[in-house]
Amino acid sequence: MAWTREQMARRASRELRDGFYVNLGIGIPTLVANYIPAGLTVTLQSENGMLGMGPFPFDGEADADLINAGKQTITALPSSSFFSSADSFAMIRGGHIDLTVLGAMEVSAVGDIANWTIPGKMVKGMGGAMDLVAGVKRVVVVMEHTNKGGSAKILPHCTLPLTGKACVDLIITDLCVLACDRPGLRLIELAPDVSLDEVRARTAAAFTIDPAIEAA
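Along each chain, the written sequence defines residue order, and numbers are assigned to residues from 1. Local features in this predicted model are restricted to residues of pLDDT 70 or higher, and side-chain atom pairs are both shown and tallied only at a pLDDT of 80 or more, whereas totals for entire chains, interfaces and linings draw on every residue. Note: side-chain values were computed over all heavy atoms of the structure, leaving out hydrogens and water.

Draft legend 1. Local environment of the pairing of strand β1 (residues 21-24). In terms of strand pairing, β1 meets strand β2 (residues 43-46) through 3 bridges, oriented parallel. Bridge pairing links Tyr21 to Thr43 in β2. In terms of strand pairing, β1 meets strand β5 (residues 99-102) through 3 bridges, oriented parallel. Of the residues in β5, the one forming a bridge with Val22 is Leu99. Being paired, for any two strands, means DSSP has found at least two bridges between them. Note on conventions: DSSP H or I runs of at least 4 residues are helices, E runs of at least 2 residues are strands, and numbering of each starts at the N terminus.

Shown next, in the form of C-alpha cells:
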C-alpha cells in the first residue's frame, strides 16, 4: 500500500539528525515538523525570517502573525528568533543549513530538480528553492511518484525548467525511497506492499536495487 502524505513526511523525518538546522519546503515537506523524533534537537528555519519554528497550531490557537514561507500559520518556541529575509537567505547561501526537504515536479536520474514553474502557468515567483538546492548541505525531495495524469516524475532528464543541477541526495515518494548517487539512482526502500515491478512501471529513469532489498 502506498504511503500517505503524513507517512511520507514521517519517513522524511528519519533523515533528521540531532543538532540539525533544517528548512522545510511548501506542501508535504511542511508536515515533517510534526514528526521530529523525540530526543532530537532540530531547529527549523524559514526563508521569511524565522529560526526555531514549532509545529502547526491546533484549531483555534493560530496566530495570524506567525507564518512560514508558504504563508501557513505556525507556532513559536521559547528559543525562536526573528530577523529579516535577507539574513535568512544569508544563512542558506552561507551553507549554515544542514538539510532541506523540498517538493518537486520532476527529478532526474542525475539528481537535477525542477520544482518552481510549469511553462504557460502563472507563478508568484521562484521562491527560495534555487538558493536552497545550491547552499544547503543535503537535499531531500518528498513527492508523489507520478503526476495527476499518471506520468512519471522521476525521469532520465527533467523536461521542466530546472531549479538546480545534480543537487538531490534522496527522493521519498509514496511508493519508495531512492538514493541519488549522482550519477544514478538506487532503490533503498519500498513502501509496505508495494512491489518492485510497480516501482519500475511508474519510474521513467533507470535505477539499481540496493542489496538489502534484493535479499529481502
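Draft legend 2. Representation of the nonpolar core within the structure. By convention a nonpolar core is built from buried Ala, Val, Leu, Ile, Met, Phe, Trp, Tyr and Cys residues, the set being connected through side-chain atoms within 4.5 Å. Burial classes follow relative accessibility: with a 1.4 Å probe on protein chains only, a residue under 20% of its type's maximum area counts as buried, one over 50% as exposed, and anything between as partly exposed. Of all hydrophobic cores here, the largest spans 57 residues; its most connected members are Val22, Val101, Val142, Val168, Ile171 and Ile172. Among the elements that take part in this core, strand β11 (residues 176-180) stands out by supplying 5 residues, more than any other. The contact definition used throughout considers only heavy atoms, calling two residues in contact when any of these lie within 4.5 Å. Apart from residues no more than four positions distant in its own chain, Ile171 is found in contact with Val107, Val141, Met143, Ile154, Cys176, Val177, Leu178, Cys180 and Leu185.

Draft legend 3. Layout of the sheet that holds β11. With mixed pairing, 10 strands are arranged side by side in an open sheet as β4-β3-β2-β1-β5-β8-β10-β11-β12-β13. At either end of the open sheet lies a strand with only one pairing partner, and these are β4 (76-82) and β13 (208-209). Bridge count for strand β8 (residues 138-142) against strand β10 (residues 170-172) is 3 bridges, and the pairing is parallel. Following the sheet pairing, Val142 is matched in β10 by Ile172. In this analysis, axes come from line fits to C-alpha atoms, helices being fitted only over the stretch in contact, and the angle between any two N-to-C directions falls in the range 0 to 180 degrees. Seen against the sheet, helix α1 (residues 5-13) touches β5, β8, β10, β11 and β12 (185-190) and runs at an angle of roughly 155° to β10.

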